[in-house]
Amino acid sequence: MRIDKGQLNEINQKDMAEHTARFDFLSNGLMKKGHGVEPILDKLSNFQVAIPSWALGAGGTRFGRFGFQGEPSSLEQKIDDVGMLHALTQTAGAISLHIPWDVPKDYEGIKGLAASHNLVFDAVNSNTFQDQGNAKESYRFGSLSNMGKAVREQAIEHNINVIKIGEKLGSKSLTVWLADGASFPGQTNFQTALRNTQDSLKDIYRALPDEWKLFIEYKPYEPNFYSTVIQDWGTSLMLANECGEKAYTLVDLGHHLPNTNIEQIVSTLMLKGKLGGFHFNDSKYGDDDLTVGSVRPYSLFLIFNALVYGMENNPQNPYPAWMIDASHNIKDPLEDLIQSLEAIQEAYAKALLVDQRLLTEAQQDHDVAKCQEILQDAYRTDVRPLLEKARLDRGGAVDPINAYRSLKVRENLIRERGADSVASGL
Ligand code: RM4
Ligand code: MN
Ligand code: MN
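Residues numbered from 1 in each chain as written. Chains lettered and ligands numbered in written order. Predicted model: local features only at pLDDT ≥ 70, side-chain atom pairs only at ≥ 80, totals over all residues. Heavy atoms only, no water.

### Examining the overall build of the protein
Definition in use: Here a helix means four or more residues in a row that DSSP labels H or I, a strand means two or more in a row labelled E, and each is numbered from the N terminus. Atoms considered for the radius of gyration are the C-alpha atoms alone. The globule rule reads 2.2 Å times the number of residues to the power 0.38. Summary of the burial criterion: residues with accessible area below 20% of their type's maximum are buried, those above 50% are exposed, and those between are partly exposed, where the area comes from a 1.4 Å probe applied to protein chains only. Should any heavy atoms of two residues lie within 4.5 Å, those residues are considered in contact. Neither His nor the chain ends is counted toward charge; the positive residues are Lys and Arg and the negative residues Asp and Glu. Charge coordinates come from a single atom per side chain, which is NZ of Lys, CZ of Arg, CG of Asp or CD of Glu.
Across its full length, the protein carries 15 helices and twelve strands. Against the compact-globule benchmark of 22 Å for 426 residues, the protein has a radius of gyration of 22 Å, which places it among compact chains. Along the longest, intermediate and shortest principal axes, the C-alpha atoms of the protein span 65 × 60 × 40 Å. The 426 residues of the protein split such that 56% are buried. Sequence-distant contacts in the protein: of pairs separated by 6 or more residues, those separated by 24 or more amount to 80%. Averaging the coordinates of the 43 positive side-chain charges in the protein and doing the same for the 56 negative ones gives two points 2 Å apart.

Have a look at this one:
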């Protein structure tokens, strides 16, 4: 389904008077405080977040899965869904494919379809955490770290194939997330597993085209519950350094033990020029994959504060690849993604309001209370009119969820695709 610009315009008109009043009030206040509103709007417009191809249908838990009617059952339909999200939010200008869940059949057709929605292909993701039907070797006891050479070779080969698929689509990066680890003490030898992983990653790295990047994602536990080979940012950074300059660490917000200081990790990686990719989600306990900003919005703001500082002060760090990595177990996946995109933009806009010069001065004066005031003043500002304006300027919706519902998108999708369609993915 494509968003009808005329209909969207009509829906926007209903909110326009209120939006304009709220925007004028906010921009006057910000200008009095010395903020330029235009540069913030530009930054918001340029902040594009990739949508993973596996997040467009219902997720599931190990206890079951409740399908969501009208799910996209082909890659083409998934691209259409991301196009629809982008049309409403103007923030979802990229799609990230997981292979082999979403292997294109007709490359030219897929590229043309994506371009017609103004979408580009972001990082491609390999999958060596599930066995594929026709595979000779099993990943039950690991992939790149496996004790068996044949298994490692199959996993390396798969990653090289994923790069080849990405090349045909115009992707420029490969994300590797491994489930490798052990569920019981004594099950594996830590040193052997790490050395094998390092050697395998180096083989993949050698196959990386010149202008490509390799993102190494870490995670402390799950699906293995005793140890994970790439358990933390330090291990990921070490492996990235071993591979070479095109290898980077990828931070997934849900991949930390409770209360980890993620903003400090982000700062360390950016100082070292090694933060390559970023997966957004929210969580209370583990890798809960909840809607961004739904549980800990202040933490998200503090992380964005570190990201903004890094983007402004660390030319040694490339512009990170942003992606939402969430699972939708009970909400409409598209509404969930709209909410996540909104939360990301909100945290980013608030971080842009932090007066870095004043903050540095307060830090130098050891004025602890003032430092906190500066951060919290930015955090407490209602920036939503800025988000609305940035979207409107690019032809999006004032209020994307409201537009989604008014346009009856889900109802239309169910009519087009049926109630039983199932998306590939987790
Ligand atoms: C993992 C990790 C990866 C994602 C898979 C589906 O926990 O977050 O990024 O590819 O889930
Ligand atoms: Mn992830
Ligand atoms: Mn995850």
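Right, picking up where we left off after that structure.
### Concerning the packing of helix α5 (residues 149-169) against helix α6 (residues 190-206)
The line we're drawing: Axis definition: a line fit to C-alpha positions, over the contact stretch in the case of helices; interaxial angles, taken between N-to-C directions, run 0 to 180 degrees. Note: crossing handedness is left-handed where the near helix turns anticlockwise from the far helix by less than a right angle, and right-handed where it turns clockwise. The nonpolar class holds Ala, Val, Leu, Ile, Met, Phe, Trp, Tyr, Cys and Pro. Asp, Glu, Lys and Arg form the charged class, and all remaining residues, Gly among them, are polar.
Their axes nearest at 9 Å, the elements α5 and α6 cross at an angle of 35 degrees. Helix-helix and strand crossings are classified by hand; for α5 and α6 the assignment is right-handed. For the pair α5 and α6, contact is made by R152, I156, N159 and I163 and by N196, S200, D203 and I204, respectively. Grouping the constituent residues of the contact of α5 with α6 by class yields three nonpolar, three polar and two charged.

### Things to note about the packing of aromatic side chains
Selection rule: Only Phe, Tyr and Trp rings take part, Trp by its six-membered ring, and two of them pair if their centres are within 6.5 Å. Stacked means planes under 30 degrees apart, edge-to-face means over 60, and tilted covers everything else. Distance and angle both matter: a charge sits over a ring if NZ of Lys or CZ of Arg is within 6 Å of the ring centre and within 35 degrees of the ring normal.
Tallying each qualifying case throughout the model produces 17 aromatic pairs. Centroid distance F280 to F304: 5.7 Å. Interplanar angle 10 degrees. Geometry classified as stacked. With a gap of 24 residues between them, F280 in strand β11 (residues 275-280) and F304 in helix α9 (residues 297-313) connect regions that are remote in the sequence. Judged by its relative accessible area of 0%, F304 is buried. Relative to Y379, the ring of Y298 has its centre 4.7 Å away and its plane inclined at 75 degrees; by these criteria the two rings are edge-to-face. With a gap of 81 residues between them, Y298 in helix α9 and Y379 in helix α12 (residues 368-379) connect regions that are remote in the sequence. Through a chain of ring-to-ring contacts, the aromatic side chains of F47, F278, F280, F304, Y319, W322 and Y348 assemble into a single cluster. Looking at K246, its charged tip hangs above the ring of Y205, at a distance of 5.3 Å from the centre. Here the basic side chain of K389 rests over the ring of F23, its NZ or CZ set 5.7 Å away from the ring centre.

### Describing the coordination of the manganese ion (ligand 2)
To keep things clear, this is the line we draw: Counted as coordinating are nitrogen, oxygen and sulfur atoms within 2.8 Å of the metal, or 3.2 Å for Na, K and Ca, while water is not included, which may make sites look incomplete. For four-coordinate sites, all angles between 85 and 135 degrees define a tetrahedron; for four- and six-coordinate sites, opposite donors beyond 155 degrees with the remaining angles between 65 and 115 define square planar and octahedral shapes respectively, and all other cases count as irregular.
Protein-derived coordination of the manganese ion (ligand 2) comes from E217 (OE), D252 (OD), H279 (ND1) and D325 (OD), at a distance range of 2.1 to 2.3 Å. Metal-centred angles of 71 to 167 degrees between the six donor atoms at the manganese ion (ligand 2) mark the site as octahedral. Spacing between the donor residues of the manganese ion (ligand 2) along their common chain follows E-x34-D-x26-H-x45-D. Between the manganese ion (ligand 2) and the manganese ion (ligand 3) the interatomic distance amounts to 4.0 Å. Residue E217 is found in strand β8 (residues 213-217), and its partner H279 is found in strand β11; the two are separated by 62 residues along the sequence. Residue E217 is classed as buried on the basis of its relative accessible area of 4%. The buried category is assigned to H279, whose relative accessible area is 3%.

### A few points about the nonpolar core
Going by this rule: Take the buried residues of types Ala, Val, Leu, Ile, Met, Phe, Trp, Tyr and Cys, join any two whose side-chain atoms come within 4.5 Å, and each joined set is a nonpolar core.
L88, F278, F280, F304 and L386 are the most contacted members of the largest nonpolar core, which totals 113 residues. With eleven residues, helix α10 (residues 333-352) is the single largest residue contributor to this core. Apart from residues no more than four positions distant in its own chain, L386 is found in contact with F23, L26, L30, V37, I40, L41 and L44.

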